[in-house]
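Here is what each chain is made of, one letter per residue.
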Amino acid sequence: MRIDRHPILTFERGREIEFEFDGRRLRGCEGETIAAALHAAGVRVLRESIRLGRPRGFFCAIGRCSSCLMTVNGVPNVMTCITPLEEGMRVETQRTKGTVPDGGHPGGDAPADADGVPIVAWGEAPGESLGDVPLAVVGGGPAGLSAAIAAGRLGVRSVVIDENQTAGGQLIKQTHMFFGSREHHARVRGVDIGPKLLSELEELPVELMLGTTALGLYNDLTLSLLVEGRHRRLSPETIIVATGASENMLAFENSDLPGVYGAGAVQTLMNVHGVVPGDRVLMVGAGNIGLIVSYQLLQAGVEVAAVIEGMPEVGGYHVHAAKIRRAGVPILTSHTIVRAEGETTVTGAKVVEVDESWRPVDGTERRLDVDTICLAVGLTPNVELAFQAGTREAHVRELGGRVAVHGPDLETSIPGLYIAGDASGIEEASTAMLEGRLAGLAAAKRLGAGDPAKIDALVSEAAAGLAALRAGPFGRQPRYGKERMFALKNREGTDESQA
Amino acid sequence: MSHRRDGILDEKNLRAVRPSDERLKQGPVVMVECVERIPCNPCVAACSKGAISIEGDLNDSPAVDHALCDGCGICISACPGLAIFVVDMSREGEDATVMLPYEFRPLPDKGETVTTLDRAGEVIGEAKVLRVLDAKALDRTPIVSLEVPKSQAMDVRHFVRRETP
């Protein structure tokens, strides 16, 4: 179902077009993702799992989880959650691993073996070279854009690579006003911050490469890219990895059913595409994301049956909890989900109260009549690219898992390779923007751009802004995590697995 | 039960943000229901009277000088947490006015009767919509003024329309 009116957003939809789904004619809007068009047409099952043949829908809606792979125009394994819909597309439910059609391999014109797979020397990036660039930023979200702006203001030429068709990362779905102070874009809605950053970029020597996937990062800092279906190489002097994070899954019975979505996916569907995820939602997780997305669901006209939280207390800000509470949404702390009900899609959820050791309390299990289960149970940094280059790694629980070891200037153990934003530890967009700025400044300094004293002053300013955001009780976890991380960075040469 | 458990401010927290009875009798006044240390300060800049301040750390809760506040309500739309309300208990008769942020569509019409809700989302009663402010400067956080019985003015914090056209 499509949203007609919204208190914050207006949806500029493309013209209505026809496409084919498993032989049926369906209508969608040009330019929206295939998955969004299918959802708007009432299709939630996109494929079947390969071994057990279980139904699958999308989960992340940002091209990470591979739950939405379908066969499109004969090509299997198309990520339908980020692929734009085109007139006359042939979309099919995928039931197997799929086979690559003739000439369909991204290696293209490279020498190929009998199966059409390009032959590439070990350790060497395939494809034509796009040349050199002083700075490449991977990820056009709040951290990446801020990095390119900070470096660009000092005259550094850069390329920002993003696999989405629109830059801005997750800002494009944040309808609420940001917290912080004026320098952190406080009181500005997230959806309005992305365009602000992009207009700043326009004046600077920054090239945006959208619809481009960074496939790999070699240890000589060569980036392997997928540009319009073909392998390409880029050789930057410095790289900032700002690849964001992925939504966490939660293990419970039937958690793979279509209708179980990540909170970010629900935001994408309703705030980017203007399509509601369902009629009645159970939100799992009362951190800020769970609370904010619940409020956004209400704004989109969707009923929220309850927000459940396994911990005895709400994790997010009270003001976010208060907004949904006064609108009549129950917040059930010390509650967890036992199972999702339904054959092909979610038709209900069983929840139970838990004690302090997360053991179910007898006699408290109850069924909620919902068609959507939204998981807001944390994020995990997207670190694969940095790890491919061979950065030192460490597991820091407070930052959301394994991350590339980095210092306060966001430089990893590989000189010239930086990591910023959620990819460097889970926080929020306000801190991501400041981290991006710090990484951009550090890269510029390394490249010898600008006046070092001026850069140092800008670094102090951004560092002070970060410290202010992290100073309160809600900043304790990332603050502690970063402190541990910086201590690790200082201990060069020691085995981080001992940390 | 603590607001950390259920999202509802308890008596102790409410006492801390509630203007004095004396001040309430004098005219409309703000109630900033923001009790936690979170990094946020747009309310300070929004108030042209200097009634809201955050001393030192960005994370400190806003301190409100109710004597300086004239109840204009500009800060209501400036608060990212939608935690600011204005109450006017100084009116003659049985009714008070409550101004609250309302980010839902469709907006109510002036004169319409709506169902009022408290901080827990429980129905309290009904109210007449006195005014709906939706200026561009409010950036899509309209302010709705409701006429409610004085006895409910400290509890009405949201409303629903009776029928959604």
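Residues numbered from 1 in each chain as written. Chains lettered and ligands numbered in written order. Predicted model: local features only at pLDDT ≥ 70, side-chain atom pairs only at ≥ 80, totals over all residues. Heavy atoms only, no water.

1. Digging into the pairing of strand β8 (residues 128-138) of chain A
All names here are of chain A. Pairing of β8 with strand β13 (residues 230-241), which is carried by eight bridges, proceeds in the parallel orientation. Residue pairing in the sheet places Val138 in a bridge with Val241 of β13. For β8 and strand β9 (residues 158-161), the ladder comprises four bridges, and the chain directions are parallel. Residue pairing across strands places Val137 opposite Val160, the latter belonging to β9. (Pairing = 2+ DSSP bridges. Helix = DSSP H or I, 4+ residues; strand = E, 2+ residues; numbered from the N terminus.)

2. Here's the deal with the sheet that holds strand β19 (residues 335-341) of chain A
Sheets are built from strands that pair by backbone hydrogen bonding, the pairs being arranged parallel or antiparallel. All names here are of chain A. Read across the sheet, three strands follow the order β19-β20-β21 without closing on themselves; strand pairing throughout is antiparallel. Of all strands in the sheet, those with a lone pairing partner are β19 and β21 (366-368), marking the two edges. In this sheet, neighbouring strand axes are inclined to one another by 30 degrees on average, regardless of whether the strands run parallel or antiparallel. Direction of pairing for β19 relative to strand β20 (residues 348-353): antiparallel, over a ladder of six bridges. Looking at β20, one finds that His335 is bridged to Glu353. (Axes fitted to C-alpha atoms, helices over the stretch in contact; angles between N-to-C directions.)

3. Here's the deal with the packing of aromatic side chains
Applying the stated criterion across every chain yields a total of six aromatic pairs over all chains. Ring centres of Phe179 of chain A and Tyr317 of chain A lie 5.2 Å apart, and the angle between their planes is 70 degrees; this geometry places the pair in the edge-to-face category. One end of the pair, Phe179 of chain A, is in the loop between β9 and α3 (190-202); the other, Tyr317 of chain A, is in the loop between β17 (303-309) and α6 (318-325), with 138 residues separating them in the sequence. Overall, Phe179 of chain A belongs to the buried group, its relative accessible area being 9%. On the accessibility criterion, Tyr317 of chain A (4% relative accessible area) is buried. Aromatic pair Tyr295 of chain A and Phe104 of chain B: ring centres 5.6 Å apart, planes at 75 degrees, arrangement edge-to-face. Residue Tyr295 of chain A is found in helix α5 (residues 288-299), and its partner Phe104 of chain B is found in the loop between β5 (95-101) and β6 (113-117); the two belong to separate chains. (Phe/Tyr/Trp six-rings, centres within 6.5 Å; stacked < 30°, edge-to-face > 60°. Buried < 20%, exposed > 50% of the residue type's maximum accessible area, 1.4 Å probe, protein only.)

4. Quick look at the layout of surface pockets
Residues and elements named next belong to chain A. Size it by volume and the second largest pocket reaches roughly 980 Å³. Thr166, Ile172, Asn271, Val272 and His273 are, among the 40 residues lining the second largest pocket, the residues nearest its centre. Looking at the lining of the second largest pocket, the elements that each hand over two or more residues are α3 and α4 (263-272). For the lining of the second largest pocket, the element with the most residues is α3, which contributes six residues. The residue makeup of the lining of the second largest pocket, split by class, is 16 nonpolar, 16 polar and eight charged. (1 Å grid on protein atoms, 1.4 Å probe; cavity = no way out; pocket = protein on both sides within 12 Å on 5 of 7 lines; lining within 4 Å. Points joined across faces, edges and corners; volume = space filled by probe spheres on them. Nonpolar A, V, L, I, M, F, W, Y, C, P; charged D, E, K, R; others polar.)

5. A word on the state of the cysteines
Residues and elements named next belong to chain B. Applying the stated criterion across every chain, the model contains zero disulfides over all chains. Cys34 takes part in no disulfide bond, and the closest cysteine sulfur to it belongs to Cys79, at a distance of 6.3 Å. Given the relative accessible area of 15%, Cys34 is considered buried. Distance from the sulfur of Cys40, which forms no disulfide, to the nearest cysteine sulfur (Cys79) is 6.3 Å. (Disulfide = S-S within 2.5 Å.)

6. Here we look at the confidence of the model for chain A
Close reading of the predicted structure is inappropriate where its pLDDT is low. The predicted model of chain A averages 93 in pLDDT, with 94% of residues at 70 or higher. Taken as a whole, residues 494-499 of chain A scores under 50 in pLDDT and shows six contacts with residues more than four places along the chain or in a different chain. (pLDDT = per-residue confidence, 0-100. Contact = heavy atoms within 4.5 Å.)

7. Things to note about the pairing of β6 of chain B
All names here are of chain B. β6 sits mainly inside the fold: four of its five residues count as buried. Where β6 meets strand β7 (residues 123-133), five bridges bridge the pair, whose relative direction is antiparallel. Following the sheet pairing, Thr115 is matched in β7 by Glu126. Of the strand pairs in this sheet, β6 and strand β9 (residues 158-160) are connected by three bridges, and their pairing is antiparallel. Within β9, the position partnered with Thr115 by the bridge is Val160.

8. Considerations on the side chain of Glu309 of chain A
The topology assignment puts Glu309 of chain A in strand β17. Despite its burial, Glu309 of chain A remains without a salt bridge, the nearest opposite charge being carried by Arg4 of chain B at 8.6 Å. Side-chain polar atoms of Glu309 of chain A contact the backbone nitrogen of Ala286 of chain A, separated by 2.8 Å. Dropping the residues within four chain positions of it, Glu309 of chain A is found in contact with Gly285, Ala286, Gly287, Leu332, Thr333, Ser334 and His335 of chain A. (Lys, Arg positive; Asp, Glu negative; His and termini not counted. Salt bridge = Lys/Arg side-chain N within 4 Å of Asp/Glu carboxyl O. Polar contact = N/O pair within 3.5 Å; in protein donor to acceptor, adjacent residues only side chain to side chain.)

9. Considering empty space enclosed by the protein
For the structure shown, the criterion picks out seven cavities of 30 Å³ or more. The volume enclosed by the largest cavity comes to roughly 130 Å³. Within the lining of the largest cavity, the residues separate by chemical class into 15 nonpolar, four polar and two charged. Lining the second largest cavity are 14 residues, with His318, Ala322 and Arg326 of chain A together with Glu33 and Arg119 of chain B positioned closest to its centre. The greatest single-element share of the lining of the second largest cavity, amounting to three residues, is contributed by α6 of chain A. Broken down by class, the residue content of the lining of the second largest cavity amounts to seven nonpolar, three polar and four charged.

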